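Fold and contact review
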Amino acid sequence: MGEILLEVATDVPVGHGVPAQLGISGDALNVAASAAAAGARVGLLAVLSDDELGQAIAARIVELGISTELLKFRPGQQGMYLVHCDPDGQREFSYARRGSVGSTLSPDDVDPAVFSAAGAVVAGGIACAISSTARAAVLKAAGVSPRFVFDPNYRPRLTSLEDATAVLAELAPRAFLVTPSFPGETSALLGCSSAEDAVEKLCRLGAVNVAVTCGADGIQLGSVADSLWVDAIPAPVVVDQTGAGDAFVGTMTARIVLGDTLPTAVRYGAAAASLVVGGKGGTGFVPTFEQTRAHAASRTGEGLTSHA
């Protein structure tokens, strides 16, 4: 659940007449696309504009193998973002989403029967940041879901540090799994200087499991009982890192629902994330599960380190 955005991407600094490519993205769609590709039956709760643009986005959702049954269509402005390279080649994002139709998501849109029956429900800090009603919708979903997955996805341009910290503290006790990033989110939201400390603190807050993503190094997975380090899987090629974290969350969650153990699901999530960066945009390349499984298998024997 969350907001879907129109993506306008350029390979050069923004200026009049520069070539650009349209895409459909946003963390919720990226997660859903990866979950569907990993084999899960996926629905996406989001609000789209009730016009041709909303219908075009819905068509893309269908192409990605995601059910449209939970989509809502309302009058309003579709949110969007512009992504471009600065002169040094770094990715930069500019958003046009304030008051977007996606931000009208509310608790009334959350059907308790659907969300309590789902194998898992995934939501992120971005959905909580775009409006008070969307935040309330996430809280409602977390309250009825037997397996709630929360990705903090802290964005300083969208929310204050105080609000993001409060949301994490409120949702951690309801979460089956929390997926913060190290060092950015664990330091800012939890005041932790290590991934291990972040696991411990979130478990004390009530999270059942924690998977701290540590960039190109790997993932620190843990619970109250034990912890496990999972090495990252090197990417064959890097074109655009947009959506890599979302691919990790979506793939991992899907594989948990489909019966894989949590460490195995995390390993598949790491493999999917390292493949996604070979495409441009959040859903520019969504690997099939066969591709993800083969990529994970190619690195068999590397880095699963367990300790109590």
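Presented here is an overview of the structure given in this document. (Residues numbered from 1 in each chain as written. Predicted model: local features only at pLDDT ≥ 70, side-chain atom pairs only at ≥ 80, totals over all residues. Heavy atoms only, no water.)

1. A closer look at the environment of alanine 35
- Tracing the sequence through the fold places alanine 35 in helix H1 (residues 27-37).
- Not counting residues within four places of it along the chain, the set of residues in contact with alanine 35 comprises Ala40, Val42, Gly250, Thr251 and Ala254. (Helix = DSSP H or I, 4+ residues; strand = E, 2+ residues; numbered from the N terminus. Contact = heavy atoms within 4.5 Å.)

2. Brief notes about the environment of glutamate 7
- Tracing the chain through its elements places glutamate 7 in strand S1 (residues 5-9).
- Looking at glutamate 7, the relative accessible area reads 7%, which means it is buried.
- Along the sequence, glutamate 7 and isoleucine 24 sit 17 residues apart, while their C-alpha atoms lie 5.5 Å from each other.
- Look past the residues within four positions of glutamate 7 in its chain and what remains in contact with it is Gln21, Leu22, Gly23, Ser25, Tyr81, Val83, Thr242, Gly281 and Gly282.
- Separated by 2.4 Å, the side chains of glutamate 7 and tyrosine 81 make a polar contact. (Buried < 20%, exposed > 50% of the residue type's maximum accessible area, 1.4 Å probe, protein only. Polar contact = N/O pair within 3.5 Å; in protein donor to acceptor, adjacent residues only side chain to side chain.)

3. Thoughts on the state of the cysteines
- Counting across every chain of the model gives 0 disulfides.
- We note that cysteine 192 lacks a disulfide partner, and the nearest cysteine sulfur, in cysteine 203, lies 11 Å from it. (Disulfide = S-S within 2.5 Å.)

4. Brief notes about the layout of surface pockets
- The calculated volume of the largest pocket comes to roughly 1300 Å³.
- Taken together, 45 residues line the largest pocket, and the ones lying closest to its centre are Gln241, Thr242, Gly243, Ala244 and Gly245.
- Residue assignment for the lining of the largest pocket shows that the elements contributing at least two residues are H1, strand S6 (91-96), strand S11 (218-222), helix H9 (244-257) and helix H10 (262-276).
- With 5 residues, H9 is the largest single contributor of residues to the lining of the largest pocket.
- Grouping the amino acids of the lining of the largest pocket by side-chain chemistry returns 21 nonpolar, 15 polar and 9 charged.
- Approximately 760 Å³ is the volume attributed to the second largest pocket. (1 Å grid on protein atoms, 1.4 Å probe; cavity = no way out; pocket = protein on both sides within 12 Å on 5 of 7 lines; lining within 4 Å. Points joined across faces, edges and corners; volume = space filled by probe spheres on them. Nonpolar A, V, L, I, M, F, W, Y, C, P; charged D, E, K, R; others polar.)

5. Structural notes on the packing of H10 against helix H11 (residues 289-297)
- With their axes 8 Å apart at the nearest point, H10 and H11 run at an angle of 105 degrees to one another. Compared by their axis directions, H10 and H11 come out roughly perpendicular. Side by side, H10 and H11 meet where Arg267, Tyr268, Ala271, Ala272, Ser274 and Leu275 of the first sit next to Phe289, Gln291, Thr292, Arg293, His295 and Ala296 of the second. (Axes fitted to C-alpha atoms, helices over the stretch in contact; angles between N-to-C directions. Parallel < 35°, antiparallel > 145°, perpendicular 65-115°, else oblique.)

6. Observations regarding the environment of valine 8
- Among the secondary structure elements, valine 8 is positioned in strand S1.
- With relative accessibility at 15%, the residue valine 8 sits in the buried group.
- Separated by 244 residues in the primary sequence, valine 8 and methionine 252 have C-alpha atoms spaced 28 Å apart.
- Those residues in contact with valine 8, other than ones at most four positions away along the chain, are Ala20, Gln21, Leu22, Met80, Tyr81, Leu82 and Val83.

7. A look at the nonpolar core
- Met1, Val138, Phe148, Leu171 and Leu202 are the most contacted members of the largest nonpolar core, which has 41 residues in total.
- Among the elements of the structure, strand S7 (121-124), helix H4 (125-130), helix H5 (132-144), strand S8 (148-151), helix H6 (161-171), helix H7 (184-190), helix H8 (195-205) and strand S10 (209-213) are those that each provide at least two residues to this core.
- Among the elements that take part in this core, H5 stands out by supplying 6 residues, more than any other.
- Discounting residues that sit within four places of it in the chain, leucine 171 has contacts with Cys128, Val138, Leu139, Ala142, Phe148 and Phe150.
- Counting 27 residues, the second largest nonpolar core, distinct from the first, contains Leu29, Ala35, Ile66 and Ala271. (Core = buried A, V, L, I, M, F, W, Y, C linked by side-chain atoms within 4.5 Å.)

8. Some points on the pairing of S8
- What you see with S8 is no split at all: Phe148 and Phe150 on one side and Val149 and Asp151 on the other are buried throughout.
- Sheet topology places S7 next to S8; 4 bridges connect them, and they run parallel. Considered in S8, the bridge of glycine 124 is made with aspartate 151.
- Relative to strand S9 (residues 177-178), S8 runs parallel, the two sharing 2 bridges. Of the residues in S9, the one forming a bridge with phenylalanine 150 is valine 178.
- Between the parallel pair S8 and S9, the chain is carried across by H6, and the sense of this crossover is right-handed. (Pairing = 2+ DSSP bridges. Right-handed = clockwise from strand over helix to strand, strands pointing away.)

9. Comments concerning unusual backbone geometry
- Here phenylalanine 182 and proline 183 are connected by a cis peptide whose omega angle stands at 10 degrees.
- The topology assignment puts proline 183 in the loop between S9 and H7.
- The backbone of asparagine 153 sits at a positive phi, close to 45 degrees, despite the residue not being glycine.
- Mapped onto the elements, asparagine 153 comes out in the loop between S8 and H6.
- We classify asparagine 153 as buried; its relative accessible area is 9%.

10. What to know about the pattern of salt bridges
- Counted according to the given criterion, the structure contains 6 salt bridges.
- The salt bridge involving glutamate 3 is made with arginine 97; its shortest N-O contact spans 2.9 Å. Here arginine 97 lies in the loop between S6 and helix H3 (112-117) and glutamate 3 lies in the segment before S1, a separation of 94 residues in the sequence. The same class applies to glutamate 3 as to arginine 97, namely buried.
- Close ionic contact of glutamate 200 with arginine 204 constitutes a salt bridge, the shortest N to O distance being 3.2 Å. (Salt bridge = Lys/Arg side-chain N within 4 Å of Asp/Glu carboxyl O.)

Such coordinate-based values are descriptive only and should not be taken to indicate function.
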